[in-house]
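Read off the chains here:
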Amino acid sequence: MSTTEPAAAVVPKFDDDEGSGRTLAIICSKGNLDMAYPGLILANAALGEGVQTHLFFTFWGLDIITKARMADLKFTMLGNTATHMPQGLGGLPGMTAMATSKMKKSIAELDVPEVPEFLDQIVGSGGHLWACRLSADMNHLTTADLLEDVEGIISASDFIEKTEGAQLLFI
Amino acid sequence: MPVTTLDGHEVHVDEEGFLTDLSEWDDELAGVLAAQIGLTLTDEHRAILAFLRTDYAERGETATLRRASAGSGVPVKDLFRLFPQKPAKKMAYVAGLPKPVGCV
């Protein structure tokens, strides 16, 4: 039986040790449907790569984790030239509802979950959700109004402290 | 495509090490692949691998984490426990499938 020199095994490098030190902080400041998804998708991607991820929901972004609002975020053509539709159309009655429903359908077709389910997945993946103290106070919201998975209503300084050394995204 | 030898099994892989020939995979090889990345397979792991293989055969692409969870009925949290840090890629590797390409 002939023997050949065994070559080094080719095995994917998942860099578990390197990945464990990385932290991402995402500040979600917008409550439009189309502005909620970028933060959620990036958070989900980072978690899937073993990156510790914190999301801070502030100003309109608080809608994303507010129970009464999170399943009902909207998309409007108004002020968004990227739809390449006449801006006047966007102001007509029913247009925002139509644009929202169309966007939700496109998202669902790509097998991307709706916002509440997406947040479940992010939390299940080990993501941390934080609400902004000032925004909660402005809207008279307490923890009872927010998704149970939100770990706390904290100040901006607390968030900065918690995410020391993190890479940061403002959306 | 390079050929690599893992614990006595000769397999075709891409540059990163993911298997490129579906037919080379079997239950025994799954255990070998898992060992390469520091995992010991249990029935829980194997149930997920079985789902991924079936799903790939039907759809022609590797399930993303969300699909793997929804399809296998295993919560995302448990997928992270079973395949720590990078579950989607690790599951695909051990199942002998290409890396998932979907974003979510």
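Preceding this paragraph is the structure being described.
Basis of the calculations
- The written sequence of each chain sets the order in which its residues are numbered from 1.
- Here the convention is simple: chains get letters from A, ligands get numbers from 1, in the order in which they are written.
- Where totals are concerned, whole chains, interfaces and linings use all residues; where local detail is concerned, this predicted model gives features only for residues with pLDDT of at least 70, and gives and counts side-chain atom pairs only at 80 or more.
- What makes two strands pair is DSSP finding at least two bridges between them.
- Numbering goes from the N terminus for both helices and strands, where a helix is a DSSP run of H or I of at least four residues and a strand is a run of E of at least two.
- To obtain each axis, a line is fitted to C-alpha atoms, and for helices this fit is confined to the stretch in contact; angles are then taken between N-to-C directions over 0 to 180 degrees.
- C-beta atoms are first placed from the backbone for all residues, and any pair lying within 7 Å is then listed as a contact.
- Should an angle fall under 35 degrees it is called roughly parallel, over 145 degrees roughly antiparallel, and 65 to 115 degrees roughly perpendicular, with every other angle called oblique.
- Two helices crossing with the near one rotated counterclockwise from the far one by less than a right angle form a left-handed crossing, whereas a clockwise rotation gives a right-handed crossing.
- Polarity classes work like this: nonpolar for Ala, Val, Leu, Ile, Met, Phe, Trp, Tyr, Cys and Pro, charged for Asp, Glu, Lys and Arg, and polar for all others, with Gly in that last group.
- For the exposure call, what matters is how many other C-beta atoms sit within 10 Å of a residue's own: 20 or more marks it buried, 12 or fewer exposed, and in between partly exposed, using C-beta atoms placed from the backbone.
- In this usage, the nonpolar core is the set of buried Ala, Val, Leu, Ile, Met, Phe, Trp, Tyr and Cys residues whose C-beta atoms join them within 7 Å.

A. Local environment of the sheet that holds strand β2 (residues 52–57) of chain A. All names here are of chain A. Strand order in the open sheet formed by five strands is β4-β3-β2-β1-β5, with parallel pairing between adjacent strands. Since the sheet does not close on itself, it has two edges, and those belong to β4 (150–154) and β5 (167–170), each with one partner. For this sheet, the mean angle separating the axes of adjacent strands, direction not counted, is 20°. Of the strand pairs in this sheet, strand β3 (residues 128–132) and β4 are connected by four bridges, and their pairing is parallel. Bridging across to β4, Cys-132 finds its partner in Ile-154. Set on the sheet, helix α2 (residues 33–48) makes contact with β1 (23–28), β2 and β5; between it and β1 the angle comes to about 170°.

B. How the structure looks around the packing of α2(A) against helix α5 (residues 115–124) of chain A. All names here are of chain A. Two numbers describe how α2 lies on α5: the axes approach to 10 Å, and their chain directions differ by 25°. By the angle class used here, α2 and α5 are roughly parallel. Seen along the crossing, α2 lies across α5 with a hand that is left-handed. Of α5, the residues touching α2 (which contributes Ala-36, Leu-40, Ala-43, Asn-44 and Leu-47) are Val-115, Phe-118, Gln-121 and Ile-122. Partitioned by chemical class, the residues of the contact of α2 with α5 number seven nonpolar, two polar and no charged.

C. Quick peek at unusual backbone geometry. All names here are of chain A. Despite not being glycine, Asp-111 has its phi angle at roughly 65°, a positive value. When you line up the elements, Asp-111 lands in the loop between α4 (95–109) and α5. Of note, the phi angle at His-140 is positive, near 50°, even though the residue is not glycine. The exposure class assigned to His-140 is exposed, which follows from the 7 C-beta atoms found within 10 Å.

D. Summary view of the interface of chain A and chain B. Across the boundary between the two partners, chain A contributes 22 residues, which contact 26 residues of chain B. For the side of chain A that touches chain B, the secondary-structure elements that each account for two or more residues are α1 (16–19), α2 and α5 of chain A. At four residues, the largest contribution of residues to the side of chain A that touches chain B is made by α2(A). In terms of residue class, the side of chain A that touches chain B is built from 11 nonpolar, eight polar and three charged.

E. Examining the environment of Gly48(A) more closely. In this fold, Gly48(A) is placed in helix α2. For Gly48(A), a count of 25 C-beta atoms within 10 Å puts it in the buried group. A C-alpha to C-alpha distance of 19 Å links Gly48(A) and Ile27(A), two positions 21 residues apart in sequence. Not counting the four nearest positions on each side in its chain, Gly48(A) is found in contact with Ser125(A), Leu65(B), Lys86(B), Pro87(B) and Ala88(B).

F. Geometry of the nonpolar core. Residue and element names in this part refer to chain A. Ranked by internal contacts, the top residues of the largest apolar core, which has 37 residues, are Phe-57, Ile-65 and Ala-131. Contributions of two or more residues to this core are made by β1, α2, β2, α5, β3 and β4. A per-element tally of this core places α2 first, with seven residues. Among all residues touching Ala-131, those that are not within four sequence positions of it are Phe-57, Leu-62, Ile-65, Ala-136, Leu-146, Val-150 and Ile-153.

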